[in-house]
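# Structural overview
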Amino acid sequence: MNFEPTETQQQITQVIRDFGKIHMQPYVLEWDENQTFPAHLFKQLGELGLMGVLVPEQYGGSGLGYLEYVTVISEIAKICGAIGLSVAAHNSLCTGHILQFGSEAQKQRYLPKLASAEWIGAWGLTEPNTGSDAMNMKCVAHKDGDEWVINGTKCWITHGKSGDVAVVIARTGNVRDSHGMTAFVVERGTPGFSGGKKENKLGMRASETAEMIFDNCRIPAANMLGNEGEGFIQSMKVLDGGRISIAALSLGIAKGAYEAALKYAQERHQFDKPIASFQGISFKLADMATEIMAAELLTMQAADTKTRGGAVTQQAAMAKYYASEVAVKTANDAVQIFGGYGYTKDFPVEKFYRDAKLCTIGEGTSEIQKLVIAREALK
């Protein structure tokens, strides 16, 4: 395997860095402080082809693979984890679900608008009482003639209020039946579909997280993705790709924190020499660099396997688990290297510190990743 950046990846990196300097970095703290979801920014990212990275060109996407996708998410996350999270959720969850399991008519209707970011996507699996226990979901859908009627609430949904279209998984059969759930596409503006409470979060504050509420929400039967009863199975496959997204997001946050700490450690002087010259600091930097490299290799291996169509469940879980824990540890050590300054908003590492924690929770906690890894190993 050769994970040296390709020319395309190098171009993506440069485009994001140039774009970020002008359109992101000056506003990151403001968005974070005010919990602003900068919808206009995603339209601009859409124009750059970064909101439909994996979507084939025939549907208006960039037609790239997962290695390029990891580059996109990690480079954006180095600037702002919250924006990286929103780009990841849009690409891999909503858009990815329709791309993998939608009919040709559904792909033609939704993918061009999602790839251009004319429409922002949301994906609804989690509920107030069913996080990791998705098969116990209470949101239900029943058939009524040539329509489906959805009732229930989804929570912790990225773009739950602002998303223009959502993929929603609802129970259509018995509780705890893996074939008792079905996936549907629901467009914003459909009667009975509304956004609920927006969460006030520790980090990732510029990425909107909110409830989606369904009250006798009627949608055409044509909005069902795949066949009835396939929703849970589809979701687990979508999450395999989503976990690579979170690994890439974690990688970007870790790199951002590390690079800031590395620079500061060479500039900050104590006892008449840079603090990087002290073993206590240099060993932290050494651990950071090593763990980030390991996380990157795990992530790239999973992305390469996914691109080639191989079984990726265990690799994606390993990458997500390890990279997310590395992001938290790296951000923590970065704050320590900055000392008192690291605890202030005048320097970037406190935000990396707050943003990193979500990576160990979203799209399956670290504990769930261990269960997945162990289950695959014991097969």
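Just so you know, these numbers come straight off a predicted model, no measurement behind them.

Here we take up the overall build of the chain. When its secondary structure is counted, the chain shows eleven helices and ten strands. For the chain, the C-alpha radius of gyration of 21 Å lies close to 21 Å, the compact-globule estimate for 379 residues. For the chain, the C-alpha atoms occupy an extent of roughly 80 × 45 × 40 Å along the three principal directions. Relative to its 379 residues, the chain shows a buried fraction of 54%.

Within the secondary structure, D304 sits in helix α8 (residues 279–307). Judged by relative accessible area, which is 14%, D304 ranks as buried. A distance of 3.0 Å separates the side chain of D304 from the side chain of R308, its partner in a polar contact. Not counting residues within four places of it along the chain, the set of residues in contact with D304 comprises M1, F3 and L67.

This paragraph deals with the pairing of strand β2 (residues 140–144). One ladder, built from five bridges, connects β2 with strand β3 (residues 147–158); its direction is antiparallel. Note on β3: the bridge partner recorded for V140 is N151.

Now for the UniProt feature "domain: Acyl-CoA dehydrogenase/oxidase N-terminal" (unreviewed entry) in the chain. The sites that UniProt annotates as "domain: Acyl-CoA dehydrogenase/oxidase N-terminal" (unreviewed entry) are residues 6–118. The distance separating the terminal C-alpha atoms of residues 6–118 is 29 Å; by composition the span is 71% helix and 0% strand.

Time to look at helix α3 (residues 39–47). Those residues of α3 not exposed but buried are L41, F42, L45 and G46. For α3, the buried positions fall inside an angular range of 145° around the axis, keeping them on one side. Contacts made by the buried residues of α3 are with α1 (7–23), α2 (28–34), α5 (81–101) and α6 (104–115). Remark: G49 follows α3 within two positions and exhibits a positive phi of approximately 85°.

So, on to the UniProt feature "domain: Acyl-CoA oxidase/dehydrogenase middle" (unreviewed entry) in the chain. Under the UniProt annotation, the feature "domain: Acyl-CoA oxidase/dehydrogenase middle" (unreviewed entry) is placed at residues 123–217. End C-alpha to end C-alpha, residues 123–217 measures 16 Å, and it is 0% helix and 51% strand.

A few words now on the side chain of T299. Mapping T299 onto the fold places it in helix α8. The exposure class assigned to T299 is buried, which follows from its relative accessible area of 0%. Once residues lying within four places of it in the same chain are set aside, the contact partners of T299 are V70, I244, A247, A248, A319 and A323.

Procedures and definitions
- Within any chain, residue numbers begin from 1 and follow the written order of that chain's sequence.
- In keeping with the model being predicted, local features are shown solely for residues with a pLDDT of at least 70 and side-chain atom pairs are shown and tallied solely at 80 or more, while totals for entire chains, interfaces and linings include all residues.
- Just so you know, side-chain values use all the structure's heavy atoms and leave hydrogens and water out.
- Secondary structure elements follow DSSP: runs of H or I of four or more residues count as helices, runs of E of two or more count as strands, with numbering from the N terminus.
- The quantity called the radius of gyration is restricted to C-alpha atoms. Its globule counterpart is 2.2 Å times the number of residues to the power 0.38.
- Burial here depends on accessible area, computed with a 1.4 Å probe over protein chains only, as a share of the maximum for the residue type. Under 20% is buried, over 50% is exposed, and the range in between is partly exposed.
- Definition of a polar contact: a pair of N or O atoms within 3.5 Å, with one able to donate and the other able to accept a hydrogen when the atoms are protein atoms, and with sequence-neighbouring residues admitted only if both atoms are side-chain atoms.
- Residue contacts are counted whenever heavy atoms from the two residues lie within 4.5 Å of one another.
- At least two bridges found by DSSP between two strands is the condition for calling them paired.
- UniProt positions are given in the numbering used here, feature names are shortened, and annotations may be inferred rather than shown by experiment.
- Regarding the arc, it is the one traced by the directions from the helix axis to the C-beta atoms.

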